[in-house]
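Structure assessment
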Amino acid sequence: MDINAKTKVYGLIGKPVRHSLSPIMHNALFEKYNINAVYLAFEVELGRLRDAIMGAKALGIMGLNVTMPHKVEVTKFLDELSDEAREIGSVNTIANEDGRLVGYNTDGIGARKALERVTEVEGSKVLILGAGGAGRAIAYELSKVAEVVVLNRTLEKAKELEKFGVKGDSLEELPYYIEWADILINATSVGMGEERSIVPKNLLRPSLVVMDIVYKPLLTRLLRDARSMGCVTVDGLWMLVYQGAESFKIWTGVEVDVEFMRRVALEGLRGGR
Ligand SMILES: NC(=O)c1ccc[n+]([C@@H]2O[C@H](COP(=O)([O-])OP(=O)(O)OC[C@H]3O[C@@H](n4cnc5c(N)ncnc54)[C@H](OP(=O)(O)O)[C@@H]3O)[C@@H](O)[C@H]2O)c1
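None of these values were measured; they are calculated from a predicted model.

It is worth spelling out the sheet that holds strand S12 (residues 232-234) at this point. A sheet is described by the order of its strands in space; here 6 strands give the open sequence S9-S8-S7-S10-S11-S12, paired in parallel fashion. Taken across any chain shown, the strands that pair with only one partner, and hence form the sheet edges, are strand S9 (167-170) and S12. In this sheet, adjacent strand axes meet at a mean angle of 20° when their direction is disregarded. Pairing between strand S7 (residues 125-129) and strand S8 (residues 147-152): 5 bridges, direction parallel. Across the sheet, the residue bridging to Val126 is Val148, located in S8. Set on the sheet, helix H4 (residues 107-116) makes contact with strand S10 (183-186), strand S11 (209-212) and S12; between it and S11 the angle comes to about 140°. Packed onto the sheet, helix H8 (residues 221-228) meets S10, S11 and S12 and runs at close to 165° relative to S11.

Here you go:
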C-alpha cells in the first residue's frame, strides 16, 4: 500500500516505545486488509501528554494505543471513556470518532480471549497475581464471568479491586489460594527480562491452567515450571495479540486473523522485522 494524501495515521504513545511490537503487528494488518493507513510509535514525555493528545486531535490521527507511563493520566484528556475504561481507570486504546477522542481498555478482553483458547473461563476460579494496570483490567473483565481473587505485594492495591466484586489479598497468601484456583495468571512484571518466577514450582499442579502476561521472554520461568509440572499454559504474546486485535476492531471494524498476527508478532519478538 502506497502512502499518499489519503493515508490515515494511527500510532502508539508511551515511553519507552522503541521496543514495541505494536507497529509491526498493526502495519501488517493494514497491508493484509488493504487499508490505506500507517501505524507509528511516538515517544511522549509525561509532561507533554496533554500536548500530544491535543496535537493528535488537531492532526486528525485516527487512533492511538497508549502504554506506560500514560495509561492512567491520559483519561483526563479524552472526550469520552468507555464503561470499562472508566471502571478500570486506564486507557490503552483511543479512537477518533468524528473528531471526538474516545478511550477504551482492551487489556482485559485480550487476556480473556487468550485464556479462552485453552480453557473455559466462565464459572471458573481465577487467581490473579498483581494489581497494577494490567492486573486491574484483567480482574475487571474476568469478574464478569468467574470467581476472582487478586493477590498483590502491596495489599491496599488488591483491596481496591474489591469494588469489582473480587477478593483482594496479600501475595503472602499464595500457597492457600493456589489450592483453590483453576486458573493462575501472573499479571506482575516479575519474570520480565529475568529468569525468575513469582510462584514456587512446588505449588503448581497439573490441573492448574497457567497464564503469564509477561512475553519477554516468551517462555518465562513460570511457564517453563508450569509445563514441566504438566499444566496447560498460555503465554503473554497471545494476550498482546488479542488486545491488539480488539483495538484494530474498534478502529476499523475488521475481525482480524489472530494466527496471522501471532506469526508477525513472533517474528518481531525474534528480531526478524
Ligand atoms: N501481554 C500483554 O498484552 C501485556 C499487557 C500489559 C502489560 N503486560 C506486562 O505485564 C506486566 C505488568 O504490567 P502493568 O502495566 O500492570 O505494570 P504496573 O502497573 O507497573 O504493575 C506491576 C505489578 O507487578 C507487581 N510487582 C512488581 N515487582 C514485583 C515483585 N518483585 N514482587 C511482587 N510483585 C511485584 C506490582 O506490585 P506492587 O503493586 O506491590 O508494586 C504490580 O502489581 C509488565 O511486565 C508488562 O509488560 C503485558
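Enumeration over the complete set of coordinates arrives at 9 aromatic pairs. Between Tyr10 and Phe30, the ring centres sit 5.2 Å apart and the planes meet at 40°, which makes this aromatic pair tilted. One end of the pair, Tyr10, is in strand S1 (residues 8-14); the other, Phe30, is in helix H1 (residues 22-32), with 20 residues separating them in the sequence. One exposure class covers both Tyr10 and Phe30, and it is buried. For the ring pair Tyr177 and Trp180, a centre distance of 6.4 Å and an interplane angle of 85° mean the geometry is edge-to-face. In this pair, Tyr177 and Trp180 both sit in helix H7 (residues 174-180), 3 residues apart, roughly one turn of the helix. Its guanidinium or amino end placed over the ring of Trp238, Arg117 lies 3.6 Å from that ring's centre, counting from NZ or CZ.

So, how was this worked out
- Residues numbered from 1 in each chain as written.
- Predicted model: local features only at pLDDT ≥ 70, side-chain atom pairs only at ≥ 80, totals over all residues.
- Heavy atoms only, no water.
- Pairing = 2+ DSSP bridges.
- Helix = DSSP H or I, 4+ residues; strand = E, 2+ residues; numbered from the N terminus.
- Axes fitted to C-alpha atoms, helices over the stretch in contact; angles between N-to-C directions.
- Contact = heavy atoms within 4.5 Å.
- Phe/Tyr/Trp six-rings, centres within 6.5 Å; stacked < 30°, edge-to-face > 60°.
- Buried < 20%, exposed > 50% of the residue type's maximum accessible area, 1.4 Å probe, protein only.
- Lys NZ or Arg CZ within 6 Å of the ring centre and 35° of its normal.

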